[in-house]
Amino acid sequence: ISQNAFLGCPIKDLRFDPNSNLKTIGTTAFNSKKLTKLIVPASVETISDSAFRNCENLSILKFEPGSKLKTIGAYAFDGCSSLKLVALPDSVVTLGAYAFRNCSALTNVNLSNNLSVIAEYTFYGCTNLKTVNLPKKLVSIDQRAFYDTAITHLNFPSSLEFIGYCAFDECS
């Protein structure tokens, strides 16, 4: 799906055929205030920068079984303020900066077990985020990754080498 392909389009429920061959969802492909549900086909390998940015009514995000998703770009779901739960498939190895910033309804995140870096500002401003499972291969939590969240309990893996500036600052 190319850049800006559905920018501002009033789609509410986005589904793809189970046999979809879609590989990439482009930059700012969907920036719709109406979108409420997204099921990402297993064939998708890349969700580009800002692909679903400011889809403020997106409350359901699911990934089909057998997902090949490797990369979620910067700002991909920034401002999706109705999103409550995120469970990334284990195929994800790159999660861009600001990817879930200001997802204020987000309460629970299950990260890919193959993620080694949580980039800067990834969950910044997710004010209701209480539960995050940190991957066993995690090496770095960059600056302000969890700034202004509600995290109350964390288990740091033995692989962790770096926690950045203000990574957990202003947690309530």
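In case you missed it, the structure is sitting above this.
Now for a description of the structure that goes with this document. Because the structure is a prediction, the values reported are computed rather than measured.

Turning next to the environment of Gly-164. Tracing the sequence through the fold places Gly-164 in the segment after β13 (162-163). Separated by 113 residues in sequence, Gly-164 and Ala-51 place their C-alpha atoms 26 Å apart. In this view, Gly-164 contacts Ile-141, Asp-142 and Gln-143; residues no more than four positions away in its chain are not counted.

Bringing the sheet that holds strand β1 (residues 13-14) into the picture now. In spatial order, the strands read β1-β3-β5; together these three strands make up an open sheet with parallel pairing. Looking at which strands have only one partner, the edges of the open sheet turn out to be β1 and β5 (60-63). Two elements, β1 and strand β3 (residues 37-40), share two bridges in a ladder whose sense is parallel. Opposite Asp-13, over in β3, you have Lys-37 as the bridge partner.

Turning our eyes to something else, we now look at the state of the cysteines. Taken as a whole and assessed by the stated rule, the structure comprises zero disulfides. In this structure Cys-9 is not part of a disulfide, and its nearest cysteine sulfur, from Cys-55, lies 11 Å away. Here Cys-103 is not disulfide-linked; the sulfur of Cys-126 is the nearest cysteine sulfur, at 5.0 Å. In this structure Cys-103 comes out as buried when scored by relative accessible area, which is 0%.

Let us now look at the packing of aromatic side chains. Considering all chains together, one arrives at twelve aromatic pairs under this definition. Considering the side-chain rings of Phe-100 and Phe-123, the 5.7 Å spacing of their centres and the 5° angle between planes classify their relative orientation as stacked. Of the two residues, Phe-100 is situated in the loop between β8 (94-95) and β9 (108-110) and Phe-123 in the loop between β10 (117-118) and β11 (131-133); the sequence distance between them amounts to 23 residues. Taken as a pair, Phe-100 and Phe-123 share a single burial class, namely buried. Ring plane angle 5° and centroid distance 5.2 Å describe the contact between Phe-146 and Phe-168, whose orientation is recorded as stacked. Of this pair, Phe-146 sits in the loop between β12 (140-141) and β13 while Phe-168 sits in the segment after β13, and the two are 22 residues apart along the sequence. What links up through ring pairs into an aromatic cluster is the set Phe-6, Phe-30, Phe-52, Phe-77, Phe-100, Phe-123, Phe-146, Phe-156 and Phe-168.

Reading the values: rules and limits
- Residues numbered from 1 in each chain as written.
- Predicted model: local features only at pLDDT ≥ 70, side-chain atom pairs only at ≥ 80, totals over all residues.
- Heavy atoms only, no water.
- Helix = DSSP H or I, 4+ residues; strand = E, 2+ residues; numbered from the N terminus.
- Contact = heavy atoms within 4.5 Å.
- Pairing = 2+ DSSP bridges.
- Disulfide = S-S within 2.5 Å.
- Buried < 20%, exposed > 50% of the residue type's maximum accessible area, 1.4 Å probe, protein only.
- Phe/Tyr/Trp six-rings, centres within 6.5 Å; stacked < 30°, edge-to-face > 60°.

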